[in-house]
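Listed below, chain by chain, are the residues.
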Amino acid sequence: MSQPVTSQPVTARTQVEPLIVAVVGSGPSGFYAASSLLEQTAVPVRVDMYERLATPWGLVRSGVAPDHPKIKTVSGVYEQIAAHENFRFFGNVHIGRDVTREELTARYDAVLYAVGTQTDRRLGIPGEDLPGSVSAVDFVGWYNGHPEYAGYTFDLTGERAVVIGAGNVALDVARLLCSPYERLARTDIADHALTALRESTITEVMVVGRRGAAQAAFTTPELRELPEFTESGVDVDPAEVAQQPGEDALSRSAKRNLAVLRGYAATPVPPGARHVTLRFQRTPLEIRGDGRVEEVVFARNELKVDADGWVSAVDTGERETVPASLVLRAVGYRGVAFGGLPFDERRGVIPNDQGRVQGTEREYVAGWIKRGPTGIIGTNRKCAAETVTRLLADLADGSLRRHDRGVAFDHDVEIVSWLLERQPHLVTADGWALIDAAERAAGAVSGRPRVKLVLTDELLDIALERQSVTPR
Ligand code: NAP
């Protein structure tokens, strides 16, 4: 491990006292919140971004599938935001372990949490915790090289994996499990996952939705790209994509999805090809096996449309048993309670009014922990902007009051000294730049965008050896 960093002397101070904001979390919503704060001109603002990992970008680094490099190019926008003179990055700082929430609110005029959703929704069925039944959240973290999932192992020695859920995360994991090694080897997938997937004997990944094909949460481009990425067809049962209840009133995206699915149904999968199967109107009732997953029991559903047009799945009483060695539960992410802030257990979010945390004085939320795990990356821009608008309105009407710091307080210096005391292995923007350069250089040698470092110690070794820690 490298030597801890030390603080260097301050060089300058601004004349006009800025509003000092901490953004906790460096994923898309954290960066969009920082951007909204720094771009507005009503109030001078300084943003310090806190991240518990040594690396920024949240789900853009550890959630977006490695074979979707175009989606990851949004990180260029975050780099531009990070280059703003009034922005600082503090990585490897765990709120609740290294510093407390109360300490943050005592030092910052406002604290904005963009901490995302750290866990998965549960199915609540027997056998859910059998070995071989895993959360897609864990699997995604593992193949993306998130340090907290680097030590996981998944048994890929069977023939069929079942993915529960009909959303984009289900498609991501199905695609990764079916992709040819050569394709994955050109991506920034974690090396440990690349090796494991090369050895995989899985030939079929069955993605199962509980409602109908028209109610699937897939987005059409993700559905449409499946055969190209997996180099095999997609098995869809023609009966399941025939005329749907209330078809005329379906949304445009549901109609587009249906058209793609009908195309798949018309083209049989070549025998023996590793492929994705999509099945609908099945609810998992039980995961069974002798000491590990062997099969999944499903209820077959019919669809009922209520007066508002909502389509629900109703058990017909018919059962179906599907043999499988691996079950991936991809039924959505879920937020966890954070640092004693109020928490809505049912929805898994921090209750808020347009981003202001209920019952608090200077705390705000943005992104999935504010509204739940929905939408694409860009959705977080609007969500964060709403929170920042609220924050500035609170400042304007006096419900958000700045700290009276006194003339002797130098935020730039004080914060860094305090953080170094609490976390000597603090990673700054400079440290992240060193990590980024090292990963990209390793990738360039093998024709990949980057080779990710997945162990925190490795990341810190690179960042701390040469980074400088100036107050600003
Ligand atoms: P999601 O879109 O909410 O999909 C969850 C799926 O799980 C739905 O089909 C849902 O069915 C099903 N489900 C929920 N509870 C269930 C249960 N108890 N039993 C069986 N099925 C159940 O969630 P996600 O796939 O985790 O994606 C999260 C967000 O990230 C989405 O907005 C997604 O579009 C986005 N994302 C985007 C990309 C991309 O753009 N490439 C990639 C990954 C993720 P019901 O509809 O019946 O509830």
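Residues numbered from 1 in each chain as written. Predicted model: local features only at pLDDT ≥ 70, side-chain atom pairs only at ≥ 80, totals over all residues. Heavy atoms only, no water.

### Quick look at the packing of aromatic side chains
Right, so step 1: Following the criterion strictly, the structure yields 14 aromatic pairs and no others.
Right, so step 2: For the ring pair Tyr-50 and Tyr-108, a centre distance of 6.0 Å and an interplane angle of 90° mean the geometry is edge-to-face. Placement of Tyr-50 in strand E2 (residues 45-51) and of Tyr-108 in the loop between helix H5 (101-107) and strand E4 (110-113) is noted, with a sequence separation of 58 residues between them. Here Tyr-50 matches Tyr-108 in class, with each residue buried.
Right, so step 3: Aromatic ring contacts, followed pair by pair, group Phe-139, Trp-142, Tyr-143, Tyr-149, Tyr-152 and Phe-154 into a single cluster.
Right, so step 4: Directly above the ring of Trp-418 sits Arg-107, whose terminal nitrogen or CZ lies 4.0 Å from the centroid. (Phe/Tyr/Trp six-rings, centres within 6.5 Å; stacked < 30°, edge-to-face > 60°. Helix = DSSP H or I, 4+ residues; strand = E, 2+ residues; numbered from the N terminus. Buried < 20%, exposed > 50% of the residue type's maximum accessible area, 1.4 Å probe, protein only. Lys NZ or Arg CZ within 6 Å of the ring centre and 35° of its normal.)

### Digging into the domain arrangement of the chain
Right, so step 1: Looking at the chain, the domain boundaries give domain 1 (6-118 + 335-464) and domain 2 (121-333).
Right, so step 2: Computed over C-alpha atoms only, the centres of domain 1 and domain 2 are separated by 33 Å.
Right, so step 3: If you look at the interface, domain 1 gives 27 residues, while domain 2 gives 29 residues.
Right, so step 4: Here domain 1 and domain 2 share an interface that buries about 2200 Å² over both sides, 53% of which is from carbon and sulfur atoms.
Right, so step 5: The partner of Arg-448 in a salt bridge is Asp-191, with the nearest N and O atoms 2.8 Å apart.
Right, so step 6: In this assembly, domain 1 and domain 2 are joined by 10 residue pairs in polar contact (both at pLDDT 80 or more).
Right, so step 7: Residue assignment for the side of domain 1 that touches domain 2 shows that the elements contributing at least two residues are helix H2 (59-62), helix H3 (69-72) and helix H17 (456-466).
Right, so step 8: Tallied by class, residues from the side of domain 1 that touches domain 2 come to 13 nonpolar, 7 polar and 7 charged. (Domains from an automatic or database assignment. Contact = heavy atoms within 4.5 Å. Buried area = accessible area lost by both parts, 1.4 Å probe. Salt bridge = Lys/Arg side-chain N within 4 Å of Asp/Glu carboxyl O. Polar contact = N/O pair within 3.5 Å; in protein donor to acceptor, adjacent residues only side chain to side chain. Nonpolar A, V, L, I, M, F, W, Y, C, P; charged D, E, K, R; others polar.)

### Quick word on the side chain of Thr-55
Right, so step 1: Looking at the element boundaries, Thr-55 is found in the loop between E2 and H2.
Right, so step 2: One polar contact links Thr-55 to Arg-61, side chain to side chain, over a distance of 3.5 Å.
Right, so step 3: In this structure, Thr-55 is in contact with Ser-26, Arg-61, Phe-89, Trp-432, Ile-435 and Leu-459, ignoring residues within four places of it in sequence.

### Here we look at the pairing of E4
Right, so step 1: Side chains of E4 alternate between two faces, with Ala-110 and Leu-112 and Val-111 and Tyr-113 buried alike.
Right, so step 2: Both strand E1 (residues 19-24) and E4 contribute to a ladder of 4 bridges, which runs parallel. Bridge pairing links Val-24 to Tyr-113 in E4. (Pairing = 2+ DSSP bridges.)

### A few points about the sheet that holds strand E10 (residues 275-279)
Right, so step 1: Sheet architecture is open: 6 strands sit in the order E6-E14-E7-E8-E10-E9, paired in parallel fashion. The open sheet has two free edges, formed respectively by strand E6 (133-135) and strand E9 (234-236), since each of these has just one partner strand. Within the sheet, the average angular offset between the axes of one strand and its neighbour, ignoring direction, is 20°.
Right, so step 2: Inspection of the sheet shows strand E8 (residues 204-208) paired to E10 by 5 bridges, in the parallel sense. Each residue of the ladder has a partner; that of Glu-204, found in E10, is His-275.
Right, so step 3: Against the sheet, helix H6 (residues 136-143) contacts E6 and strand E14 (326-329), and its axis sits at roughly 70° relative to E6. (Axes fitted to C-alpha atoms, helices over the stretch in contact; angles between N-to-C directions.)

### Description of the site of the ligand
Right, so step 1: Neighbouring residues of the ligand: 22 residues in total, closest Asn-168, Arg-210, Arg-211, Glu-222 and Gly-375.
Right, so step 2: Interatomic distance of 2.8 Å between a side-chain N/O atom of Arg-210 and an oxygen atom of the ligand.
Right, so step 3: Computed on the free molecule, the ligand has an accessible area of 920 Å², of which 82% lies beneath the protein chains in the complex.
Right, so step 4: Here the shell around the ligand takes 3 residues from helix H7 (residues 168-178), the largest share from any one element.
Right, so step 5: Its residues assigned to classes, the shell around the ligand comprises 11 nonpolar, 6 polar and 5 charged.
Right, so step 6: Each of domain 1 (6-118 + 335-464) and domain 2 (121-333) contributes no fewer than three residues to the shell around the ligand. (Near = heavy atom within 4 Å. Areas by Shrake-Rupley, 256 points an atom, 1.4 Å probe, with all protein chains shown as cover.)

### A closer look at the sheet that holds strand E12 (residues 295-305)
Right, so step 1: Pairing is antiparallel in the open sheet, where 3 strands are placed in the order E11-E12-E13. In this open sheet, the two strands that pair with only one neighbour each are strand E11 (282-288) and strand E13 (311-323). Going across the sheet, the axis of each strand differs from the next one's by a mean of 20°, ignoring polarity.
Right, so step 2: Of the pairings in the sheet, the one linking E11 to E12 comprises 6 bridges and is antiparallel in character. Of the residues in E12, the one forming a bridge with Glu-286 is Val-297.

### A look at the pattern of salt bridges
Oppositely charged side chains can form a pair if their charged atoms are brought close together.
Right, so step 1: Going through the model one piece at a time under the given rule, you end up with 37 salt bridges.
Right, so step 2: For Arg-356, the salt bridge is made with Asp-394, and the minimal N-O distance between the two is 3.2 Å. A residue pair is termed long-range when its members are at least 10 positions apart, and Arg-356 in strand E17 (residues 356-357) and Asp-394 in helix H14 (residues 379-397) qualify at 38 residues.
Right, so step 3: Residue class for Arg-356 comes out buried when judged on its relative accessible area of 14%.
Right, so step 4: Salt bridges sharing partners connect three or more residues here, namely Arg-61, Asp-436, Glu-439, Arg-440 and Arg-450.

### Topic: the packing of helix H1 (residues 28-39) against H14
Right, so step 1: Running from amino to carboxyl end, H1 crosses H14 at an angle of 45°, the nearest separation of the two axes being 8 Å. Relative to H14, the element H1 is oriented oblique. Viewed along their axes, H1 and H14 form a crossing whose handedness is right-handed. Across the interface between the two elements, Pro-28, Ser-29, Tyr-32, Ala-33, Ser-36 and Leu-37 from H1 touch Asn-380, Arg-381, Ala-384, Ala-385, Val-388 and Leu-391 from H14.
Right, so step 2: Across the contact of H1 with H14, the residue classes tally to 8 nonpolar, 3 polar and 1 charged. (Parallel < 35°, antiparallel > 145°, perpendicular 65-115°, else oblique. Left-handed = near helix turned anticlockwise from the far one by under 90°.)

### Things to note about the pairing of E12
Right, so step 1: Taken together, E11 and the strand that follows it, E12, pair antiparallel across an intervening segment of 6 residues, in which Gly-291 is found at a positive phi of about 85°.
Right, so step 2: Note that E12 and E13 share 10 bridges and pair antiparallel. Residue pairing in the sheet places Glu-302 in a bridge with Val-314 of E13.
Right, so step 3: The antiparallel hairpin formed by E12 and E13 contains 5 residues in its connecting segment, where Gly-309 sits at a positive phi of about 90°.

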